[in-house]
Amino acid sequence: MYDTCIFDLYGTLVDIRTDENKEELWEKLSLFYAFYGAFYTPEELARSYKRLTGEMTAGHEELRRDSHEAFPEIRIEEVFRALFEEKGIAPDEPLVRHAGQFFRILSMEFIRLYDGTEEMLSAVKESGRKIYLLSNAQRIFTEYEMNALGITKYFDGIFISSDEGCKKPDLKFFRKLIDTCGIDPERAVMVGNDGICDIEGAKRAGLGTVYVHSDISPAEDAPDADYVLPQMDMEQIRKILLS
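What you are looking at is a predicted structure, and each value in this text was computed from that prediction instead of being measured.

## Regarding the overall build of the protein chain
A count of helical and extended segments in the protein chain gives 10 helices and eight strands. With the C-alpha coordinates aligned to their principal axes, the bounding extent of the protein chain is approximately 55 × 35 × 35 Å. In the protein chain, 70% of the contacts between residues at least 6 apart in sequence involve partners at least 24 apart. Split by element, the accessible area of the protein chain, about 10,800 Å² in all, is 49% carbon and sulfur. Taken as two groups, the 29 positive and 46 negative side-chain charges of the protein chain have centres that lie 2 Å from each other.

Here it is in structure tokens:
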């Protein structure tokens, strides 16, 4: 039925927990900034980070704030750049990226593939179907996390909201993928764990839909998807996509 499979990442293929309020995070991140001449107390750094993210997201409507999403309508590295600049330091791009990634690692409780993820992706890939990622996420986090988890190789294209300045369920984000890759929506399916961002957005774009309720799905009623899985089941996802 489908020759193109589009996946969400967090909560669909990857299980992740982050906590940005840990005292240890801000203590260690403030030390990192001090290494490069930007001196903050942990409390000051936390306040500045929250202020800057608030300023940069002002005017952007947010459907919800999921714990695994780091302000996907902006480029989060601009926050880490501004934190240096407010202390008179002009950082280069690698330093900004490394600051952001250090923050991400410090915030992370764990990150792992759901059981059977790689086997499912491998089977879909071997069938000759195209595989794409459409994720509300930050490039400086997601690209590297996918590499670390060993799944980048399965994707024919990766589309991340921080690159586009918009996020699911915005039709513009779906159209970017569809138009860039020449996808026929009638032969494509979106697999995701979010009834609004993934399923409603995909339906407006004319895509087929598979909803899977995972442990980090938003609290909501099951959406009107073509297929609804009440719990994570990679074998069932594989069967649907290859049917």
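What follows continues from the structure just given.
## Some thoughts on the nonpolar core
The tendency in soluble globular proteins is for nonpolar side chains to be buried as a group. The biggest cluster of nonpolar side chains holds 33 residues, and the ones touching the most others in it are Phe-7, Leu-13, Met-120, Leu-121, Ile-151, Phe-155 and Leu-241. Here the element with the most residues in this core is helix α10 (residues 234–242); it accounts for four residues. Counting residues in each nonpolar core, the second largest holds 25 residues, with Trp-26, Tyr-33, Phe-84 and Val-96 among its members.

## A few points about the side chain of Asp-198
Structurally, the position occupied by Asp-198 is in helix α9 (residues 195–204). Apart from residues lying up to four places away in sequence, Asp-198 is in contact with Asp-8, Lys-168, Phe-174, Met-190, Gly-192 and Asn-193.

## As for the pattern of salt bridges
In this structure the tally under the stated criterion is 24 salt bridges. Note that Glu-44 and Lys-87 form a salt bridge whose closest N and O atoms lie 2.9 Å from each other. Here Lys-87 lies in the loop between α3 (77–85) and α4 (93–107) and Glu-44 lies in helix α2 (residues 42–57), a separation of 43 residues in the sequence. Its relative accessible area of 24% is what places Glu-44 among the partly exposed residues. Here Arg-97 makes a salt bridge to Glu-93, at a shortest N to O gap of 2.6 Å.

## Observations regarding the pairing of strand β5 (residues 157–160)
Of the strand pairs in this sheet, strand β4 (residues 130–135) and β5 are connected by four bridges, and their pairing is parallel. Across the sheet, the residue bridging to Tyr-132 is Gly-157, located in β5. In this region the chain leaves β4, passes through helix α6 (residues 139–149) and returns to the parallel neighbour β5; the handedness of that crossover is right-handed.

## As for unusual backbone geometry
Omega for the peptide link from Lys-168 to Pro-169 comes to 15 degrees, which places this bond in the cis form. Looking at the secondary structure, you find Pro-169 in the loop between α7 (161–164) and α8 (171–181).

## A few points about α10
Because each turn of an α-helix spans 3.6 residues, side chains separated by three or four positions in sequence point in the same direction. Those residues of α10 that fall on the buried side of the exposure criterion are Met-234, Ile-237, Ile-240 and Leu-241. When α10 is viewed along its axis, its buried side chains cluster within an angular range of 120 degrees and face the same direction. Tucked inside the fold, the buried residues of α10 contact β1 (4–7), α5 (117–126), β6 (188–192), β7 (208–212) and β8 (227–229).

## What about the confidence of the model for the protein chain?
Low pLDDT means the predicted atomic positions in that stretch should not be read closely. Looking at the protein chain as a whole, the pLDDT averages 93, with 94% of positions reaching at least 70. A low-confidence stretch, residues 63–72 (pLDDT under 50), is modelled with 33 contacts involving residues beyond four sequence positions or located in other chains.

## Notes on the environment of Glu-93
Structurally, the position occupied by Glu-93 is in helix α4. Between the C-alpha atoms of Glu-93 and Phe-7, which are 86 residues apart in sequence, the distance is 29 Å. Within the structure, Glu-93 has its side chain in polar contact with the side chain of Arg-97 (distance 2.6 Å).

## A closer look at the environment of Phe-141
Tracing the backbone shows Phe-141 in helix α6. Given a relative accessible area of 3%, Phe-141 falls into the buried group. Considering only alpha carbons, one finds Phe-141 and Thr-152, 11 residues apart in sequence, at a separation of 13 Å.

## Digging into the pairing of β7
In terms of burial, β7 is a largely internal element, five of the five residues being buried. Neither face of β7 is left uncovered, since the one carrying Gly-208, Val-210 and Val-212 and the one carrying Thr-209 and Tyr-211 both have all their residues buried. In this structure, β6 lies alongside β7, joined through four bridges in parallel fashion. The partner of Met-190 across the bridge, within β7, is Thr-209. Crossover handedness for the path β6 to α9 to β7: right-handed. Of the strand pairs in this sheet, β7 and β8 are connected by three bridges, and their pairing is parallel. The residue bridging Val-210 from the neighbouring strand is Tyr-227, located in β8.

Analysis parameters
Residues numbered from 1 in each chain as written. Predicted model: local features only at pLDDT ≥ 70, side-chain atom pairs only at ≥ 80, totals over all residues. Heavy atoms only, no water. Helix = DSSP H or I, 4+ residues; strand = E, 2+ residues; numbered from the N terminus. Contact = heavy atoms within 4.5 Å. Areas by Shrake-Rupley, 256 points an atom, 1.4 Å probe, with all protein chains shown as cover. Lys, Arg positive; Asp, Glu negative; His and termini not counted. Charge placed at Lys NZ, Arg CZ, Asp CG, Glu CD. Core = buried A, V, L, I, M, F, W, Y, C linked by side-chain atoms within 4.5 Å. Buried < 20%, exposed > 50% of the residue type's maximum accessible area, 1.4 Å probe, protein only. Salt bridge = Lys/Arg side-chain N within 4 Å of Asp/Glu carboxyl O. Pairing = 2+ DSSP bridges. Right-handed = clockwise from strand over helix to strand, strands pointing away. Arc of directions from axis to C-beta. pLDDT = per-residue confidence, 0-100. Polar contact = N/O pair within 3.5 Å; in protein donor to acceptor, adjacent residues only side chain to side chain.

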